[in-house]
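# Topology and contacts: notes
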Amino acid sequence: GLVAIAFTKGIYATDGAFRRLPLPAWLKPALGGLGLGVLAVFFPYVLGVGYETINISLAGKLTLAAAAFLLAAKYLATVLCLGSGIMGPSLFMGATLGTSLALAANYFFPGLHLRPTDYALVGMGALVSGTTLGPITATVLIFELSNSHEIIVPAMVSCIASFQVVKFLFGSSTYETKLLYRGVKIFRGKEVRVLQSMQVKDYI
């Protein structure tokens, strides 16, 4: 949930920073592309949706250092490319986050014998749940990916926990935050109210 909040805040904080730059509008996407290109020189796996990295995580082939660096690199890559969507990056970062947590726990507590592949799956669901505020969707997604009934309960617990953390500490999904930027407040499908004096700083 905390990573989901940081992800959402990073996206829209970067968006605000780009808007405030005293540069021509056509140059700003080029600047973001330049930043992504420099990042990809060192971490080429951040390019694209990231299915290859997700598969490597699910196969248990990532080290702790690699998973942590890829998590941070994908975060930076996504906030630099604001129109790239959040589902793919959420799955990518969730897989590397879950792998990092499991490997770190095994390092400090060797007797736990945690399986990083399980934590990668659960991490994917938790981050998707936190960014979209759709815990049921995230749980079903993880079940479909794993085709395992054993993963349902851990996925439900992590997805609901992530959802509650984001709701309590931040209040809106990544999609809703974008509408808030435009002065539109959605009350869970029941009412839409256009706020006349919306300030971005109130939400970021």
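Preceding block: the structure.
A short tour of the structure in this document, coming up. (Residues numbered from 1 in each chain as written. Predicted model: local features only at pLDDT ≥ 70, side-chain atom pairs only at ≥ 80, totals over all residues. Heavy atoms only, no water.)

Turning our eyes to something else, we now look at helix α4 (residues 64-80). The terminal C-alpha atoms of α4 lie 25 Å apart, and with 17 residues this matches the ideal 24 Å at 1.5 Å per residue to within 8%. Buried residues of α4: Ala 67, Leu 70, Leu 71, Ala 73, Lys 74, Ala 77, Thr 78 and Val 79, and no others. Buried residues along α4 sit against α1 (2-20), α2 (27-42), α3 (51-58) and α5 (87-108). (Helix = DSSP H or I, 4+ residues; strand = E, 2+ residues; numbered from the N terminus. Expected span 1.5 Å × (residues − 1). Buried < 20%, exposed > 50% of the residue type's maximum accessible area, 1.4 Å probe, protein only. Contact = heavy atoms within 4.5 Å.)

This part takes up the pattern of salt bridges. When their charged atoms lie close together, side chains carrying opposite charge are able to pair. Counting across every chain of the model gives 2 salt bridges. Among the salt bridges present, the one from Asp 15 reaches Arg 19, with a minimum N-O distance of 3.1 Å. With Asp 15 and Arg 19 both in helix α1 and 4 residues apart, this pair spans about one turn of that helix. What makes Arg 19 exposed here is its relative accessible area of 61%. Close ionic contact of Asp 118 with Arg 115 constitutes a salt bridge, the shortest N to O distance being 2.8 Å. (Salt bridge = Lys/Arg side-chain N within 4 Å of Asp/Glu carboxyl O.)

Right, let's talk about unusual backbone geometry for a bit. The phi dihedral of Leu 133 is positive, around 55°, even though this residue is not glycine. Within the element layout of this structure, Leu 133 appears in the loop between α6 (116-132) and α7 (135-146). Positive phi values are uncommon outside glycine, yet Asn 147 reaches one of about 55°. Within the secondary structure layout, Asn 147 lies in the loop between α7 and α8 (152-169).

With the rule as written, the count across this model stands at 3 aromatic pairs. Look at Phe 43 and Phe 69: their rings are 6.2 Å apart centre to centre, the planes differ by 20°, and that puts the pair in the stacked class. You can see Phe 43 sitting in the loop between α2 and α3 and its partner Phe 69 sitting in helix α4, a full 26 residues away along the chain. When the centroid spacing of 5.1 Å and the interplanar angle of 85° are considered together, the rings of Tyr 107 and Phe 108 count as edge-to-face. The exposure classification of Tyr 107 matches that of Phe 108, with both residues exposed. (Phe/Tyr/Trp six-rings, centres within 6.5 Å; stacked < 30°, edge-to-face > 60°.)

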